[in-house]
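Next come the chains, spelled out residue by residue.
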Amino acid sequence: MVTGALHRKLYRDLWRLRGQVLAIALVMASGVGVLVMALTTVESLEETAVAYYERNRFADVFAQVERAPEHLAARLRQIPGVQAVETRVVRTAVLDVEGFEEPVIGQLVSLPEGEALRLNRLTLRQGRLPRAAAPDEVVLLEPFAKAHGLDPGDRLRAVVNGRWRELTVVGIALSPEFVYAIGPGSLMPDNRRYGIVWLGHEALQAAYDLDGAFNHASLSLLRGTDPAAVVDRVDRLLEGYGGTGAYARADQLSNWFLMSEIDQQRTLSTILPTIFLAVAAFLTHMVLGRLIAVERSEIGLLKAFGYRNRDIALHYVRFALGIGLVGVLLGWFLGYWLGLYNTRVYAEFYHFPFLLFRPGPQAFLAAGAISLGAALLGALGAVREAAALPPAEAMRPPAPPMFRRGTLGRSGIANRLDQPTRILLRQVIRWPGRSFITTAGIAMAVAVLVVAMQWLDAIEHMIDVYFLQAQQQDVSVGLAEARSGEIERDLARLPGVIATEPMRSVPAKLRHGWREEREALQGLPARQQLYRVYDAEGRALELPPDGLVISTMLAKLLDVRVGDAITVEVLEGRRPVFDVPVVATFETYIGSPAYIDIHALNRLMHEGSSVTGVHLRVDALERAALFRELKSLPRVSSVTVKQAAVQTFRDTMAETITIFVSFFIVFACALAFGVTYNAARIALSERGRELATLRVLGFTRAEISYILLGEVALLAFLALPLGCLAGYALSTLIVGAFETELYRVPLVVRASTYGWAMLIGGLATAVSAFLVRRRVDRLDLIAVLKTRE
Amino acid sequence: MASPGITLRARGLGKVYRTGDVEVHALRGLDLELASGELVVLLGPSGSGKSTLLNILGGLDTPTSGEAWFLDHELSRLDDAGLTRYRRDHVGFVFQFYNLIPSLTALENVSLVTEIARDPMPPREALELVGLGGRLDHFPAQLSGGEQQRVAIARAIAKRPDLLLCDEPTGALDSQTGVLVLEAVERIHEELGTTTVLITHNAVIADMADRVLVMGDGAIHDERRNAARRRARELTW
Ligand SMILES: Nc1ncnc2c1ncn2[C@@H]1O[C@H](COP(=O)(O)OP(=O)(O)OP(=O)(O)O)[C@@H](O)[C@H]1O
Ligand SMILES: [Mg+2]
């Protein structure tokens, strides 16, 4: 029995309270927006990745060996569940790009000549593939080519197995294998200093003396095959050929990064929308409760006319749904737009050849259902109250609210308060629930701000600890394979080199009980001067003469404690297996490294002094000369310049994080605004009469605004520090949820972040208070006095 | 424009309410003079403009035409801040619906005004004047309607206003309680010599006035002087 009149009342109520409706809808829309953004981003990144992987036949299992004869490919193909096998030569080399001073690290990857790629197919963007028997024709990975402005026809030089080779670019391509192209020892893709170069298979075999052999295999599996089983079989097969351990697609670096990014989006879709929707539910509760209190006599009248409780309940449920609908619609638009934007940012970052952004209805329906559910939940209590009002009772005017002297007695400080302050304080005490919601809402806004801005703090902190304090070298030189320690002396003689420090990295499987991790053992001098082992507190660690110092992350993965022994299975050379005790653990943000004294490592490996890399401290003035020399050193496979690494890290982070931070600042402001606006408007509606009376009695606008907004200000004042605490707690939660094996974002919140969060939260509060203040100024004195409420 | 003995003076007061295309002429060229210390009762049918007039005289509203003077202040020229000042310093209001602040006790409701007044009486004394010396610490919810109205009167007179304006102060009360409230008004008028205007629909109450004005259609239709004022206590209806 819902009549047209009731519908009209619904629309009029929604319109009359549009400010409040909109304020709640904005909060809700923020939640819906983040949810839809995250879900659609996840959906389209996954869909794009799956389609890309499928179209280009991205392999399922990968294996690196030292040298394996070609006929082994047939054996690999026979492993049950294997569909196709592609064998390749993959090597790292130093490239020289004209006009770029620093040496560039190139990953050289072979292409079968005269036949199509079975797996990991390229998407050619320009030009063509190398011709058979054209050993100097290469295809470049597009982002790398773009970063250097290289086009088909251009040339670059590479030190291939110790010899300079002049290469001609014939094509530009993308590959599912290098969606995230990250150089050795880097944390972020740096398209200027790291690139993928495809060459003919035979050319590369010849260059590295691998005739009739390969050093890298990719396998695709039949649907439903367990990759772990295949990995085991591959490992056994390649063990005698210097296999460093096969790994499944899930552990392939590029894919791993992509998937953890998608996971982070998923995390995002749970925590933040929950906050916004919960606050929106509380606000709905507040507004509806107030509306019903005002309309008591109307409700009684309707009931007296014969409306059923159900009709009344439905009417107010519709009101809540009306708010929810506005929020959901706004949120859908916002979410679609943000999702598209977000996916584009990622797609650009990951260089997908195409982008599938066609979100299905699920994300929208899910977000819509959850938000309307939140609105309904918020409406529940108030609606039940309305339905339960007996008609006679409802038509009696509500008695003035009961106040008690309580804590605000006539003694002590209370005596010195003026009356407006008393009104204000009693109001807060009289409605503790409402005061709590307002405080909690503003506090959550501040908390979201703290969370958003702590990312920036964390990144600065990571840069500071990881790059600036720990790493004192300017340049790190990586060698193609382990060499005698004499090379350190050779490098020390190069122009501009002030100090050197050796390092020896050994690929290994680390085992403890049934747990196993692939992690390189890093041998460093006991007291490092350049590349220092730092823990998260910024203490330099000295390596003990024997035993491992491992990161807490690795300790967790292997479930070891100090004193336990780890079995190390070396994956190169003679493949020794030995047990080493863990002597210490340390906290680090990046990776899960294991360090050992370089002499101890050499001893365990049964080798004399042996290094795989040398860190250099360099005189900045002679950098150019040094780079020239390094580019032509035969055994060098990589050169990493720290300053560039820091810059890349900053730029990449700035690109992605800054956008997020600004989104969240906007959302948090919407939250603070919505909460304050509603609190103040409800207070105004309840006390308009009281305030008008005060105006009549000769109080100025400023004075009555003080009573109304002073209450909000007081609650906000409480909320700001509470918000900082909540922000810290929330950051802990989010940092934990975002933790990956690669890096943990440290929980660092600078004092200035708290300051900014409080300032921004306070400003958003002040703006909405200002809007309400304008209404206070327009209060119609006479109208309010004419009628009893 | 100040004339000796005249507190309030209005010349050709007009008030037009415009709602959309409809114009309501609430006051049409009304003239009025109130002598200091006078008690005037304003009668008239509903909608004749009584409240409108009182609101203008009390500085709650401004006329559309004509002028209103309080001593030598021209009310019709004051801006919002000026009107606030005027109300704060000179006017006491009593309304039909008491308009007490629910979160303040009786004493605090009175202090509310004395705290911003120039030369107030102690709030306790004001409450004693209206016979509520024993209910200082009660909140409005703990007082009867008549008691609440008397608190409202105490609040209006505690600042020792020059002008006491009451719009149907007994409208919501029964006759016995109404008399109590009128006694309070009368006592304040006599003890403080406050110029008082009292709107009522109850012709009996007119007997306690010095002068009775009858409004009709936005102007003063009729005026009469009571030869002798009756005590509020003697009134019944
Ligand atoms: N805000 C307003 N908008 C439009 N018209 C108004 C407004 N306030 C008053 N009026 C009109 O002005 C006229 C005078 O109103 P006023 O309130 O002064 O009457 P009153 O004599 O006090 O009546 P009552 O005895 O019923 O209180 C009425 O016709 C009324 O409808
Ligand atoms: Mg009236």
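Residues numbered from 1 in each chain as written. Chains lettered and ligands numbered in written order. Predicted model: local features only at pLDDT ≥ 70, side-chain atom pairs only at ≥ 80, totals over all residues. Heavy atoms only, no water.

Check the secondary structure of chain B and you find six helices and ten strands. Over its C-alpha atoms chain B spans a radius of gyration of 17 Å, differing by no more than 12% from the 18 Å that the globule rule assigns to 237 residues. Along the longest, intermediate and shortest principal axes, the C-alpha atoms of chain B span 50 × 40 × 40 Å. Put simply, chain B has 237 residues, and 59% of those count as buried. Total accessible area computed for chain B in this model is approximately 9100 Å², and 46% of it derives from carbon and sulfur atoms. (Helix = DSSP H or I, 4+ residues; strand = E, 2+ residues; numbered from the N terminus. Rg over C-alpha atoms; globule rule 2.2 N^0.38 Å. Buried < 20%, exposed > 50% of the residue type's maximum accessible area, 1.4 Å probe, protein only. Areas by Shrake-Rupley, 256 points an atom, 1.4 Å probe, with all protein chains shown as cover.)

A count of helical and extended segments in chain A gives 21 helices and 22 strands. For the C-alpha atoms alone, the extent of chain A along its principal axes is close to 100 × 60 × 50 Å. Taking all 789 residues of chain A together, the buried fraction comes to 57%. Pairs at least 24 apart in sequence give 83% of the contacts found in chain A among residues at least 6 apart. Element-wise, carbon and sulfur atoms account for 57% of the exposed surface of chain A, whose accessible area totals about 32600 Å². (Contact = heavy atoms within 4.5 Å.)

This paragraph deals with the sheet that holds strand β8 (residues 195–199) of chain B. Residue and element names in this part refer to chain B. The six strands lie next to each other as β6-β7-β8-β3-β9-β10, forming an open sheet whose pairing is mixed. Of all strands in the sheet, those with a lone pairing partner are β6 (91–94) and β10 (219–225), marking the two edges. Neighbour to neighbour, the strand axes of the sheet diverge by 20° on average, direction disregarded. Pairing of strand β3 (residues 39–43) with β8, which is carried by four bridges, proceeds in the parallel orientation. Looking across to β8, one finds that Val40 is bridged to Val197. (Pairing = 2+ DSSP bridges. Axes fitted to C-alpha atoms, helices over the stretch in contact; angles between N-to-C directions.)

Let us look at the environment of Gly44 of chain B. Residue and element names in this part refer to chain B. You can see Gly44 is positioned in the loop between β3 and α1 (50–57). Judged by its relative accessible area of 13%, Gly44 falls in the buried class. For the pair Gly44 and Gly66, spaced 22 residues apart in sequence, the C-alpha to C-alpha distance is 21 Å. Ignoring anything within four residues of it in the chain, the contact list for Gly44 reads Lys50, His201 and Met215.

Another aspect to go through is the domain arrangement of chain A. Residue and element names in this part refer to chain A. Along its sequence, chain A is carved into domain 1 (1–60 + 249–399), domain 2 (90–209), domain 3 (431–471 + 645–789) and domain 4 (497–618). Relative to domain 3, the C-alpha centre of domain 2 lies at a distance of 51 Å. Roughly 530 Å² of surface becomes buried between domain 2 and domain 3 when both sides are summed, with 78% attributable to carbon and sulfur atoms. For domain 2, the biggest contributors to the area lost against domain 3 are Leu187, Met188 and Asp190; these three give 86% of the whole. Linking domain 2 with domain 3 are zero salt bridges, by the criterion used here. Here the side of domain 2 that touches domain 3 is composed, by residue class, of three nonpolar, no polar and two charged. (Domains from an automatic or database assignment. Buried area = accessible area lost by both parts, 1.4 Å probe. Salt bridge = Lys/Arg side-chain N within 4 Å of Asp/Glu carboxyl O. Nonpolar A, V, L, I, M, F, W, Y, C, P; charged D, E, K, R; others polar.)

Another point: the sheet that holds strand β11 (residues 247–248) of chain A. Residue and element names in this part refer to chain A. With antiparallel pairing, four strands are arranged side by side in an open sheet as β2-β10-β1-β11. Every other strand in the sheet has two partners, leaving β2 (82–88) and β11 as the edge strands with one partner each. Direction of pairing for strand β1 (residues 61–69) relative to strand β10 (residues 213–221): antiparallel, over a ladder of six bridges. Within the sheet, the bridge partner assigned to Ala68 lies in β10 and is Phe214.

Now for the pattern of salt bridges. Residues and elements named next belong to chain A. One pass over the full model with this rule turns up 55 salt bridges over all chains. In this structure, Glu711 and Arg687 form a salt bridge, with 2.8 Å as the shortest nitrogen-oxygen distance. Here the residue Glu711 occupies a position in helix α19 (residues 701–737), and Arg687 occupies one in helix α18 (residues 642–696), the gap between them amounting to 24 residues. Accessibility expressed as a relative area gives 10% for Glu711, which makes it buried.

Another point: the state of the cysteines. As enumerated under the stated definition, the model contains zero disulfides over all chains in all. Cys724 of chain A provides the cysteine sulfur closest to Cys669 of chain A, a residue in no disulfide bond, and the two sulfurs are 14 Å apart. (Disulfide = S-S within 2.5 Å.)

Our next topic: helix α20 (residues 751–777) of chain A. An α-helical turn contains 3.6 residues, so any two residues separated by three or four positions project in the same direction. The first and last C-alpha atoms of α20 of chain A sit 38 Å apart over 27 residues, in line with the 39 Å expected at 1.5 Å per residue. Looking only at α20 of chain A, the buried set comprises Thr753, Ala757, Ile760, Gly761, Ala764, Thr765, Ser768, Ala769, Val772 and Val776 of chain A. (Expected span 1.5 Å × (residues − 1).)

Looking at the secondary structure, you find Arg88 of chain B in helix α2 (residues 80–90). When its relative accessible area of 10% is taken as the criterion, Arg88 of chain B is described as buried. With sequence-adjacent residues up to four places away left out, Arg88 of chain B is seen in contact with Leu697, Gly698, Phe699, Thr700 and Glu703 of chain A together with Ile116 and Lys159 of chain B.

Turning next to the pairing of strand β8 (residues 163–174) of chain A. Residues and elements named next belong to chain A. Alignment of strand β5 (residues 123–127) against β8, held across four bridges, turns out to be antiparallel. In the strand pairing of β8, Thr123 is matched with Leu174. As defined by bridge partners, strand β6 (residues 137–141) adjoins β8 across five bridges and the pair is classed as parallel. Looking at the pairing, Val138 lines up with Val169 of β8. Between the end of strand β7 (residues 155–160) and the start of β8, which pair antiparallel, lie two residues, with Asn161 showing a positive phi angle near 45°.

This part takes up the confidence of the model for chain B. Here chain B averages 88 in pLDDT, and 98% of its residues register 70 or above. With pTM at 0.76, the complex prediction returns an ipTM value of 0.72. (pLDDT = per-residue confidence, 0-100.)

Here we come to the interface of chain A and chain B. Contact with chain A, which involves 32 residues of that partner, is made by 31 residues of chain B. Summed over both sides, the interface of chain A with chain B buries roughly 3000 Å², with 60% coming from carbon and sulfur. When the buried surface of chain A facing chain B is broken down by residue, Gln419, Leu697 and Ile782 of chain A rank first, second and third, together holding 21% of it. Counting every contact that joins chain A to chain B gives seven residue pairs in polar contact (both at pLDDT 80 or more). For the side of chain A that touches chain B, the secondary structure elements donating two or more residues are α12 (419–430), α18, α19 and α21 (781–786) of chain A. Looking at the side of chain A that touches chain B, its residues break down into 13 nonpolar, six polar and 13 charged. (Polar contact = N/O pair within 3.5 Å; in protein donor to acceptor, adjacent residues only side chain to side chain.)

Attention shifts here to the nonpolar core. Formed by 136 residues in total, the largest nonpolar core has its most connected members in Leu288, Tyr316, Phe319, Phe649 and Phe664 of chain A. Element by element, the count of residues in this core is highest for helix α13 (residues 432–469) of chain A, at 19 residues. In contact with Phe649 of chain A, other than residues within four places in its own chain, are Leu187, Met188, Ile459, Met462, Ile463 and Phe467 of chain A. Ranked by size, the runner-up nonpolar core spans 56 residues in total, among them Tyr677, Leu709 and Val772 of chain A together with Ala68 of chain B. (Core = buried A, V, L, I, M, F, W, Y, C linked by side-chain atoms within 4.5 Å.)

Before going further, it helps to examine unusual backbone geometry. What you tend to see is this: most non-glycine residues have negative phi, and most peptide bonds are trans. Residue and element names in this part refer to chain B. Backbone geometry at Leu71 places phi at a positive 45°, although glycine is not the residue there. Assessed through its relative accessible area of 38%, Leu71 is described here as partly exposed. Of note, Arg160 is a non-glycine position whose phi angle comes to about 50°, a positive value.

Attention shifts here to the site of ligand 1. With respect to spatial proximity, 14 residues lie near ligand 1, and among them Ser46, Lys50, Ser51, Thr52 and His201 of chain B are the closest. Of the chains in the model, those with residues near ligand 1 are chains A and B. Between ligand 1 and Ser46 of chain B, the relevant distance is 2.4 Å, taken from an oxygen atom to a side-chain nitrogen or oxygen of the residue. At 2.5 Å from an oxygen atom of ligand 1 is found a side-chain nitrogen or oxygen belonging to Thr52 of chain B. Protein burial of ligand 1: of its 630 Å² of free accessible surface, 69% is covered by the chains. (Near = heavy atom within 4 Å.)

A few words on the packing of α18 of chain A against α19 of chain A. All names here are of chain A. Two elements in contact, α18 and α19, have axes whose closest approach is 9 Å; the angle formed by their N-to-C orientations is 145°. The two elements α18 and α19 cross, and the hand of that crossing is right-handed. Mapping the contact onto sequence places Thr676, Ala680, Ala683, Leu684, Arg687, Leu691, Leu694 and Arg695 in α18 and Arg701, Ile704, Ile707, Leu708, Leu709, Glu711 and Val712 in α19. Residues of the contact of α18 with α19, tallied by class, amount to ten nonpolar, one polar and four charged. (Left-handed = near helix turned anticlockwise from the far one by under 90°.)

Residues and elements named next belong to chain A. As judged from the four bridges shared by strand β14 (residues 508–512) and strand β15 (residues 515–518), these two strands associate in the antiparallel manner. Counterpart to Leu510 in the pairing with β15 is Glu517. Once β14 ends, the chain turns through two residues before running back antiparallel as β15, passing Gly513 with a positive phi of about 60°.

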